[in-house]
Amino acid sequence: MNHASLKRDTRAFACEALVRCQRLAGFSEDNGSIRRTFLSPPMRDCYREITAWLEPLGASVRVDAAGNLRALYPAENPNAPCLLIGSHLDTVPNAGAYDGVLGVVLAVTLLQNLSGRRLPFAVEVVGFSEEEGVRFGVPFLGSRALVGRLDDELLAHCDQHETSIRSVIEQFGLHAAEIPQAAIPDNVLGYLEFHIEQGPALESAGLALAAVEAIAGQTRLELTFVGRANHAGTTPMNLRYDAMAAAAEWISTVERRAKRTSGLVATVGTILVKPGATNVIAGETRLSLDVRHKADQIRNSAVGYFIRQAEDIARRRGLRARCKVQLDQRAVPMDPFLVKQIDEAIASVGCEPHRMVSGAGHDAMILAEKIPCAMIFLRTPGGISHDPAESVELEDVVKAIDCGSLLLDQLASSPQFLSGTQRA
């Protein structure tokens with residue numbers, strides 16, 4: 001089948017996919033904006049909606065103990081291996097409609113496009129329950145469960161209301177003791193994730209799609225300055241132990257280092273001040289720091305520098321500094337065989353093959369610990385993501401569906417893939 005006929009066949013699917021993304025956007029914790037955190041009530045609505053799309057296609061749907069939506073589309077042979085396709089269903093606050101969600105919707109669309117045809121491998125659609133790290137400050141809870149890293153220590157982690165991950169799971173009606181059963185079995189051949197780029201590179205290059213060849217390493221840490229709260233009107237400036245002032249100095253240090261290091265990005269995204277009153281000097285300031293680079297050595301060097309600077313600032317000001325590393329994720333290369341297959345599929349739908357490094361973290365970087373993984377990026381108009389203005393072009397979605405369908409056919413006819421020898 002040529003690209004022109006593929007385009008005619010998939011345009012309706014692409015339109016439906018965009019409508020479905022908007023439908024899921026309506027399931028939110030906030031009125032007038034999108035926010036859907038780990039196992040919040042709107043997640044049930046998402047599961048119900050997506051299940052209604054999948055079951056008529058012949059997929060069996062369940063929710064695992066970590067809250068991940070899992071839908072198995074069987075193969076020709078009931079003992080055949082399996083390919084995972086998916087992304088995450090949680091969002092940041094005031095989110096757009098496509099980050100994560102589009103990847104799940106496109107996985108469903110690829111099953112639709114099979115029109116009941118069975119492949120020599122099963123396809124499992126996965127909608128991860130948590131990737132963003134919004135509620136607990138720790139990302140990838142959903143995909144960690146699939147690789148056996150959602151352990152007791154992590155389950156005890158609490159949100160700002162002192163509610164643990166374990167409690168949230170149990171309150172949702174799931175059983176944390178069954179989390180080991182969410183792990184991917186030995187017969188899984190790999191994982192494929194469609195995702196909007198979340199940046200301007202593809203639009204700048206005039207390209208619709210790209211194969212992700214690696215995901216940048218990422219460190220997330222919590223830095224706390226501990227000073228002494230006191231009256232804002234009666235305490236002279238030279239006798240203050242101001243945790244907020246120390247935090248401000250440190251934030252400037254972070255920005256300066258990141259700006260003079262090529263490819264490094266460092267972001268202080270949250271600040272929690274205690275006691276948080278206008279007429280009280282801050283006694284404690286807790287900040288988040290997110291540091292990313294494609295080279296682990298450069299990232300680790302920067303993180304070490306930021307921690308030393310915090311300690312120096314605290315010492316000079318008579319404060320204490322505490323640091324807790326919440327995530328230390330190495331840079332992760334994608335599977336070379338799958339990346340090459342994506343290149344071929346992109347070329348087959350009339351697009352110029354292109355490879356890039358993802359600056360954002362994705363569930364693929366977690367699953368890559370256990371299985372071959374690959375990602376396909378779609379152009380993001382304006383490079384805008386994590387914002388209501390986030391969008392995607394219909395024609396790019398058409399190309400992504402065509403690319404994904406061709407990729408499934410390529411893998412179905414590949415002895416190397418079906419035997420798992422691409423892992424070697």
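Now for a quick tour of the structure.

Cut-offs used in this document
Residues numbered from 1 in each chain as written. Predicted model: local features only at pLDDT ≥ 70, side-chain atom pairs only at ≥ 80, totals over all residues. Heavy atoms only, no water. Salt bridge = Lys/Arg side-chain N within 4 Å of Asp/Glu carboxyl O. Helix = DSSP H or I, 4+ residues; strand = E, 2+ residues; numbered from the N terminus. Buried < 20%, exposed > 50% of the residue type's maximum accessible area, 1.4 Å probe, protein only. Expected span 1.5 Å × (residues − 1). Phe/Tyr/Trp six-rings, centres within 6.5 Å; stacked < 30°, edge-to-face > 60°. Contact = heavy atoms within 4.5 Å.

### With respect to the pattern of salt bridges
Under the defined criterion, the tally for this structure stands at 24 salt bridges. With its nearest N and O atoms 3.3 Å apart, the salt bridge here joins Glu49 to Arg23. Here Glu49, found in helix 2 (residues 41-54), pairs with Arg23, found in helix 1 (residues 3-25); they are 26 residues apart in sequence, far enough to count as distant. Of the residues examined, Glu49 reaches a relative accessible area of 16% and is grouped as buried. You can call Arg23 partly exposed: its relative accessible area is 43%. Close ionic contact of Arg135 with Asp159 constitutes a salt bridge, the shortest N to O distance being 2.9 Å. Of the two residues, Arg135 sits in the loop between strand 4 (122-128) and helix 4 (141-146) while Asp159 sits in the loop between helix 5 (152-155) and helix 6 (165-171), which places them 24 residues apart along the sequence. Here Arg135 falls in the partly exposed class, since its relative accessible area comes to 29%. Through salt bridges with shared partners, one network takes in Glu29, Asp30 and Arg35.

### Some remarks on helix 2
Helix length check: helix 2, at 14 residues, gives a terminal C-alpha distance of 21 Å against a target of 20 Å (1.5 Å per residue), a fit within 8%. All of the buried residues along helix 2 are Pro42, Met43, Cys46, Tyr47, Glu49, Ile50, Thr51, Trp53 and Leu54.

### Observations concerning the packing of aromatic side chains
In the structure shown here, the tally under the stated rule is seven aromatic pairs. Aromatic side chains Phe121 and Phe417 sit 5.7 Å apart centroid to centroid with 80° between the ring planes, which places their arrangement in the edge-to-face category. Taken together, the residues span a long stretch of sequence, with Phe121 in the loop between helix 3 (101-114) and strand 4 and Phe417 in helix 13 (residues 415-419) at a distance of 296 residues. Where Tyr305 meets Phe306, the ring centres are 6.0 Å apart and the plane angle is 65°; that geometry is what we call edge-to-face. Here the two residues Tyr305 and Phe306 agree in accessibility, since each one is buried. The structure contains a cluster of three or more aromatic residues connected by ring pairs, namely Phe121, Phe337 and Phe417.

### As for unusual backbone geometry
The step from Lys274 to Pro275 runs through a cis peptide bond, and the omega angle for that step is 5°. Mapped onto the elements, Pro275 comes out in the loop between strand 9 (271-274) and strand 10 (284-293). The residue Leu39 is not glycine, and still its phi comes out positive at about 55°. Tracing the sequence through the fold places Leu39 in the loop between helix 1 and helix 2.

### Quick word on the environment of Glu203
Its location among the elements puts Glu203 in helix 7 (residues 201-205). As for Glu203 and Leu378, which are separated by 175 residues in sequence, their C-alpha atoms are 9.5 Å apart. In contact with Glu203, other than residues within four places in its own chain, are Glu197, Arg379, Thr380, Pro381, Gly382 and Gly383.

### Points about helix 10 (residues 336-348)
Across its 13 residues, helix 10 extends 18 Å between first and last C-alpha, which sits within 8% of the 18 Å expected from 1.5 Å per residue. By the burial criterion, the buried members of helix 10 are Phe337, Leu338, Val339, Gln341, Ile342, Asp343, Ala345 and Ile346. Phi turns positive one or two residues past the end of helix 10, at Gly350, with a value near 85°.

### As for the environment of Pro381
Structurally, Pro381 is set in the loop between strand 14 (373-378) and helix 12 (394-412). When the C-alpha atoms of Pro381 and Pro185 are compared, they prove to be 38 Å apart, with 196 residues separating the residues in sequence. Those residues in contact with Pro381, other than ones at most four positions away along the chain, are Glu203, Ser391, Val392 and Glu393.

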